[in-house]
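Read off the chains here:
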Amino acid sequence: MKSYFLKAAAFCIILACTDLSAKDISSFPIGKEWLDNDGKHINCHGGCVVEHEGYFYWFGESRTGGHSDGISVYRSKDLYNWDNLGYAVVHQGNRDDDTLQDISEGRLLERPKVIYNDKTGKWVMWAHWENGKDYGQARVAILQSDKITGPYEFIRTMRPNGHDSRDQTLFLDTDGNAYHLCSTNMNTDINVVRLTDDFLNCSDNETLIMNGRRLEATTVCKVGDTYFATFSECKGWDPAPGHTATTVGDMLGDWSEGLSFCVDPDSNRSYGSQGAFVFSVGSLGYDPKCFIFYGDRWIPSNVGGSTYVWLPMSVRSGYPTIRNYPDTWSLDEVMTDMYRFKRAATIIDNGEFALLERNSDRLMSRSGEQTGFCIANDDDNKNVIFVFEATSDPYVWRLRDKASGKYLSVSSGMLSEDSDGNSKKSMWRFFRLTDGYYNVVNEDCRKCLTVAGDSRADGTEIKLEPVGAGNAQAFGVYFDSKRNNYKEADMFSKTYFEELR
Ligand code: DGJ
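Residues numbered from 1 in each chain as written. Predicted model: local features only at pLDDT ≥ 70, side-chain atom pairs only at ≥ 80, totals over all residues. Heavy atoms only, no water.

## Some remarks on a negative patch on the surface
Our working rule: A patch consists of residues exposed above 30% relative accessible area that lack any salt bridge, with like charges linked at up to 9 Å and nonpolar side chains (Val, Leu, Ile, Met, Phe, Trp, Tyr) linked at up to 5 Å. Exposure was quantified through the Shrake-Rupley algorithm and a 1.4 Å probe, taking into account, for residues, occlusion by the shown protein chains and nothing else. Each salt bridge in this description consists of a side-chain nitrogen of Lys or Arg and a carboxyl oxygen of Asp or Glu lying within 4 Å of one another. Charge convention: Lys and Arg are scored as positive, Asp and Glu as negative, and His as well as the terminal groups of each chain are ignored. We put the charge of a Lys on NZ, of an Arg on CZ, of an Asp on CG and of a Glu on CD. Only DSSP runs of H or I reaching four residues or more are called helices, and only runs of E reaching two or more are called strands; each is numbered from the N terminus.
A contiguous patch of negative charge on the surface is contributed by Asp225, Glu488, Asp490, Glu498 and Glu499. Relative to the assigned elements, Glu499 resides in helix H3 (residues 494–500).

Take a look at the structure:
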């Protein structure tokens, strides 16, 4: 009898352990099956993640094959393990093809976004709406609910201020205003419009951005006064190159286009993803500038079965940057030190600084050979910390490698290190650019630090080229916050950019 109970107890323990390991995950599965806490595929595409009262809520398209089942909602505390809470929106009501004012069975709802309206106390959802027969309606459906999880009440469909609207997103600004961004003019431009106070309509304040660029899959996030947007090129369900844009101070202001957010191989396919949403994980104890980029890896023949590409996004360079973790990654592993290197407010004599290359978001590093330099990922064994020594010219510095004690120098036209810090070959003029980066120009040969071939890849050589003979010639002066407590540049504020002008 005793042995029977022992066996039964052991069996239960094994069951419990098996159950736990099936449910409890602690890293993001990239492009692989991601199961909810019931062991079922998470069916929540093109959506968004919203925080409320200690939980994350994940809304998205629930699809069976290509058919739209409504908008699903999942809930999690840790972003890895999700409970399926069912549908926030189900298709309902009668079809009316004259007015198009319905979300009846058969209509298509895509890319739902949810924000909270403080003034009305309502949760508001906007989704791309199509009639279910073709892709030509290009409307939005607007819904609202008293509870975050729904059910959301259908209010209307419309074209925002008359514009055709396909891929779309909402952005709730820190001042309480909200904006709708959509691909418009047959996916040629992006329209940005401020919503009315109830978030149920569009105001007259709007602007077209990224004109003629043919972009979709817009995401927006903000740090300080700076707004960052990511987009994909229009390629249907196929992964396409990513794009970025930035504006400071005003969502409806001038946006300047940056590079792709991808800095690793497979950049042309955005690592096999198309963006849906970007959100901060600051509430989990990380720097609030630590973002997750949520993309879908679409399976066109079975949209509902599509997988997810959630990747860490950093803006430490001043531009959105995403590294590839092709299989998996965890928050602790990546986010803990994401902002270890911070941009210095000023260069100070005898200060210890690293040089961050703008396009790659990578640090000037030793390439392994005695004299070679390259751009590399954060790695204490490779990254070079320079002690900046002042000269009689306030813009010219000697850069002493803290590890070797030698000065960054030029020998036979190549970058090298030299124990003589007084030669012009070991002096570097820092020309400041309008975004706070520098061209770092040698006083002797007048050539500047340049990443070979404009590459953004880890390990690419840094060499010397004439100023203008390449696009990868901008280096930021950053300090290691684990070693030094220098004043950090307020690099996301409006005043920072005003002072640089
Ligand atoms: C690309 C969009 O981003 C997706 O949401 C979806 O609408 C597909 N196009 C349909 O081709």
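## Quick notes on the domain arrangement of the protein chain
Interface size is commonly expressed as the accessible area that is lost once the parts come together. Just so we agree on the cut-off: What marks off one domain from the next here is an automatic or database domain assignment. Between two residues, a contact is recorded if the distance between any of their heavy atoms is within 4.5 Å. Once two parts are brought into contact, the accessible area they lose, counted with a 1.4 Å probe and summed over both, makes up the buried area. Pairing of N or O atoms within 3.5 Å defines a polar contact, subject to two protein rules: one partner must be a possible hydrogen donor and the other a possible acceptor, and residues neighboring in sequence count only if both atoms are side-chain atoms. Note on residue categories: nonpolar means Ala, Val, Leu, Ile, Met, Phe, Trp, Tyr, Cys or Pro, charged means Asp, Glu, Lys or Arg, and polar means any other residue, Gly included.
As assigned here, the protein chain comprises domain 1 (28–335) and domain 2 (341–491). If you average the C-alpha positions of domain 1 and of domain 2, the two centres end up 38 Å apart. With 14 residues of domain 1 at the contact, the number on the domain 2 side is 18 residues. Together domain 1 and domain 2 conceal approximately 1200 Å² of surface at their shared face, both sides included; 39% is due to carbon and sulfur atoms. If you look at where domain 1 meets domain 2, you find four salt bridges. Across the salt bridge formed by Arg362 and Asp264, the nearest N and O atoms sit 2.6 Å from each other. Viewed at the interface, domain 2 and domain 1 are joined by twelve residue pairs in polar contact (both at pLDDT 80 or more). Residues belonging to the side of domain 1 that touches domain 2 are distributed by class as follows: five nonpolar, five polar and four charged.

## Quick look at the pairing of strand S2 (residues 45–52)
To keep it simple, the criterion reads: The buried label applies to any residue whose accessible area, calculated with a 1.4 Å probe on protein chains only, is under 20% of its type's maximum; exposed applies above 50%, and partly exposed to all values in between. Strand pairing is assigned whenever DSSP identifies at least 2 bridges connecting the two strands.
A large share of S2 lies buried, amounting to six of its eight residues. Where S2 and strand S3 (residues 55–64) come together, six bridges link them in antiparallel fashion. Across the sheet, Val49 pairs through a bridge with Trp58, a residue of S3. Remark: two residues form the turn of the hairpin made by S2 and S3, two consecutive strands paired antiparallel; Glu53 in that turn has positive phi of roughly 45°.

## Digging into the site of the ligand
Keep this limit in mind: The near set for a molecule or strand comprises every residue that places at least one heavy atom within 4 Å of it.
Neighbouring the ligand are Glu110, Arg111, Tyr135, Asp167, Glu216, Gly236, Trp237 and Gln274. Asp167 places a polar side-chain atom, nitrogen or oxygen, 2.4 Å from an oxygen atom of the ligand. Here the ligand, which alone exposes 290 Å², has 89% of that area covered by the protein.

## Regarding the environment of Pro466
For Pro466, the position within the fold is in strand S34 (residues 462–466). Taking C-alpha positions, Pro466 is 7.0 Å from Arg446, a pair spaced 20 residues apart along the chain. Leave out the neighbours within four places in its chain, and Pro466 touches Lys447 and Gln473.

## Description of the packing of aromatic side chains
Geometrically, a pair of aromatic rings is defined through the distance of the ring centres and the angle of the planes. Let me state the cut-off plainly: Working definition: a ring pair exists when centres of Phe, Tyr or Trp rings (six-membered ring for Trp) sit within 6.5 Å. Plane angles under 30 degrees give stacked, over 60 give edge-to-face, the rest tilted.
For the structure on display, the rule yields 34 aromatic pairs. Measuring from ring centre to ring centre gives 4.9 Å for Trp58 and Tyr308, while their planes differ by 75°; the resulting arrangement is edge-to-face. With Trp58 in strand S3 and Tyr308 in strand S20 (residues 307–314), the pair connects residues that are 250 residues apart, well separated along the chain. What makes Trp58 buried here is its relative accessible area of 0%. Judged by its relative accessible area of 1%, Tyr308 falls in the buried class.

## Brief notes about the sheet that holds strand S11 (residues 178–184)
Which entries qualify depends on this criterion: Interaxial angles span 0 to 180 degrees and are taken between N-to-C directions of axes, which are lines fitted to C-alpha atoms, for helices over the stretch in contact.
With respect to topology, four strands assemble into an open sheet ordered S10-S11-S12-S13, the strand pairing being antiparallel. Either end of the sheet is taken by a strand with one partner, and the two such strands are strand S10 (168–172) and strand S13 (202–209). Across this sheet, the average inter-strand angle for adjacent strands is 25°, counted without regard to direction. Alignment of strand S12 (residues 189–195) against S13, held across five bridges, turns out to be antiparallel. Residue Asn191 lies in a different strand from S13, and its bridge partner there is Leu208.

## Focus on the nonpolar core
Rules: Among buried residues, the Ala, Val, Leu, Ile, Met, Phe, Trp, Tyr and Cys ones that are joined through side-chain atoms within 4.5 Å form a nonpolar core.
Ranked by internal contacts, the top residues of the largest apolar core, which has 77 residues, are Trp58, Phe59, Leu79 and Trp310. If one sorts the elements of this core by residue count, S20 sits on top with five residues. The residues that make up this core include at least three from each of domain 1 (28–335) and domain 2 (341–491). Not counting residues up to four positions away in its chain, the partners in contact with Leu79 are Phe28, Trp34, Val49, Phe56, Phe279, Val281, Leu284, Ile292, Trp310 and Leu331. Grouped together as the second largest cluster of nonpolar side chains are 27 residues, Val384, Trp397, Val477 and Phe479 included.

## Comments concerning the environment of Ala452
Summarising the element assignment, Ala452 is placed in the loop between strand S33 (447–451) and S34. Separated by 220 residues in the primary sequence, Ala452 and Ser232 have C-alpha atoms spaced 27 Å apart. Ignoring any residue separated from it by four or fewer positions in sequence, one finds Ala452 in contact with Thr460, Glu461 and Lys463.

## A word on the sheet that holds strand S18 (residues 274–280)
The strand order S18-S19-S20-S21 describes an open sheet built from four strands, whose pairing is antiparallel. Edge positions in the sheet fall to S18 and strand S21 (321–322), since each of these pairs with one other strand and no more. Strand direction decides the pairing type here: S18 and strand S19 (residues 291–297), joined by six bridges, are antiparallel. Bridge pairing in S19 links Val278 to Phe293.

## Observations concerning the pattern of salt bridges
Counted according to the given criterion, the structure contains 31 salt bridges. Arg358 serves as the salt-bridge partner of Asp435, at 2.6 Å between the closest nitrogen and oxygen. Remark: Arg358 occurs in the loop between strand S24 (351–357) and strand S25 (362–366) and Asp435 occurs in the loop between strand S31 (428–432) and strand S32 (438–442); sequence separation between them is 77 residues. Arg358 sits in the partly exposed class, given a relative accessible area of 22%. Linked through salt bridges whose partners overlap, the residues forming this network are Asp97, Asp102, Arg107 and Lys133.

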